[in-house]
Amino acid sequence: MELRSVEELMDLLYACRGARDSPGPGGAPVDTYDHALRTAALLRRGRPADKELQVAGLVRPVGRLLRPGEPDTRADRAADAVRALLGERVAGLVRGRPRPGLPAEDDLLALRAADEEARTACFDAGVLEDWRTVLELLAARNSRLEAMD
């Protein structure tokens, strides 16, 4: 599945509400929707200028809905779904592999750290609608970049 609009992505993210993700070490299952919002919020705090990294933290759970019961392929499915809409870098971060030729190891470490912290952190991370403008800006920028290629 390839997402074609921010609205489709938002619908998919809203569908994550109430879905439980497997717990981290020694923890209880977490709500996928809340976890995604907390991950993105933590990345926003730590790397405020890096919108692509923040969005990667937000959209990672869509793979759970695209491939239920197949945890080994979730990241690949999520990356494939968002690539056309949000670009190669976001897709690479969601997949957990950097784009060739780019020093993204720090980005992946930041994403993983935020993901882990979001499993146990308890704070109000806002609502999904808070991210609409950022998603629209990234989608618009990515569509312009594709038009130039």
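Refer to the structure presented above.
Asks: Can you explain the overall build of the chain? Please cite residues and give values.
Replies: What the chain contains, in helices and strands, is 8 helices and 2 strands. Traced from its N-terminal end to its C-terminal end, the chain shows the element sequence α-β-β-α-α-α-α-α-α-α. Evaluated residue by residue, the chain yields a buried proportion of 46% over its 149 residues. When contacts within the chain are restricted to residue pairs at least 6 apart in sequence, long-range pairs at least 24 apart make up 65% of them.

Asks: Kindly report on the pattern of salt bridges, identifying the contributing residues and their values.
Replies: According to the stated counting rule, one finds 15 salt bridges in the structure shown. We note a salt bridge from arginine 141 to glutamate 52, for which the minimum N-O separation is 2.6 Å. Of this pair, arginine 141 sits in helix α8 (residues 132–148) while glutamate 52 sits in helix α3 (residues 51–59), and the two are 89 residues apart along the sequence. Measuring nitrogen to oxygen at the nearest pair gives 2.4 Å for the salt bridge that ties arginine 132 to glutamate 129. Residue arginine 132 is classed as buried on the basis of its relative accessible area of 17%. One continuous salt-bridge network, built from bridges that share partners, spans Arg47, Asp50, Glu52, Arg89, Asp107 and Arg141.

Asks: Describe the environment of histidine 35, naming the residues involved and giving the relevant values.
Replies: Inspection of the secondary structure puts histidine 35 in helix α2 (residues 32–46). A relative accessible area of 6% places histidine 35 in the buried class. Once residues lying within four places of it in the same chain are set aside, the contact partners of histidine 35 are Val30, Asp115, Ala118 and Arg119.

Asks: Residue-level account of helix α6 (residues 88–95), with values.
Replies: α6 sits mainly inside the fold: 7 of its 8 residues count as buried. Residues of α6 that are buried sit in contact with α3, α5 (74–86) and α7 (105–120).

Asks: Would you mind going over the side chain of aspartate 115 in detail, with residue names and values included?
Replies: With respect to the secondary-structure elements, aspartate 115 resides in helix α7. Once residues lying within four places of it in the same chain are set aside, the contact partners of aspartate 115 are His35, Thr39 and Arg60.

Asks: Tell me what's going on with the nonpolar core, and back it up with residues and numbers.
Replies: One finds Leu9, Val55, Leu58, Val59, Leu86, Val90 and Leu135 to be the most contacted residues of the largest nonpolar core, which totals 42 residues. Going through the elements one at a time, α1 (6–14), α2, α3, α4 (62–66), α5, α6, α7 and α8 are the ones with two or more residues in this core. Sorting elements by how many residues they give to this core places α2 first, with 7 residues. Excluding residues within four positions of it along the chain, leucine 58 makes contact with Leu13, Ala36, Leu37, Ala40, Leu128, Trp131 and Leu135.

Asks: Please provide a residue-by-residue account of the packing of α3 against α6, values included.
Replies: Contact pair α3 / α6: the axes reach a minimum separation of 9 Å and the direction vectors enclose 50°. With respect to α6, the element α3 is oriented oblique. Crossing of α3 over α6 shows right-handed handedness. Here Glu52, Leu53, Val55, Ala56 and Val59 of α3 come into contact with α6, specifically with Arg89, Val90, Leu93 and Val94. Looking at the contact of α3 with α6 residue by residue, the classes come out as 7 nonpolar, no polar and 2 charged.

Asks: Account for the environment of aspartate 21, naming residues and giving values.
Replies: In this fold, aspartate 21 is placed in strand β1 (residues 20–21). The exposure class of aspartate 21 is buried, given its relative accessible area of 16%. The spatial distance from the C-alpha of aspartate 21 to the C-alpha of arginine 119 is 9.8 Å, given a sequence separation of 98 residues. Once residues lying within four places of it in the same chain are set aside, the contact partners of aspartate 21 are Pro29, Val30, Thr32, Arg64, Arg74 and Arg119.

Thresholds applied
Residues numbered from 1 in each chain as written. Predicted model: local features only at pLDDT ≥ 70, side-chain atom pairs only at ≥ 80, totals over all residues. Heavy atoms only, no water. Helix = DSSP H or I, 4+ residues; strand = E, 2+ residues; numbered from the N terminus. Buried < 20%, exposed > 50% of the residue type's maximum accessible area, 1.4 Å probe, protein only. Contact = heavy atoms within 4.5 Å. Salt bridge = Lys/Arg side-chain N within 4 Å of Asp/Glu carboxyl O. Core = buried A, V, L, I, M, F, W, Y, C linked by side-chain atoms within 4.5 Å. Axes fitted to C-alpha atoms, helices over the stretch in contact; angles between N-to-C directions. Parallel < 35°, antiparallel > 145°, perpendicular 65-115°, else oblique. Left-handed = near helix turned anticlockwise from the far one by under 90°. Nonpolar A, V, L, I, M, F, W, Y, C, P; charged D, E, K, R; others polar.

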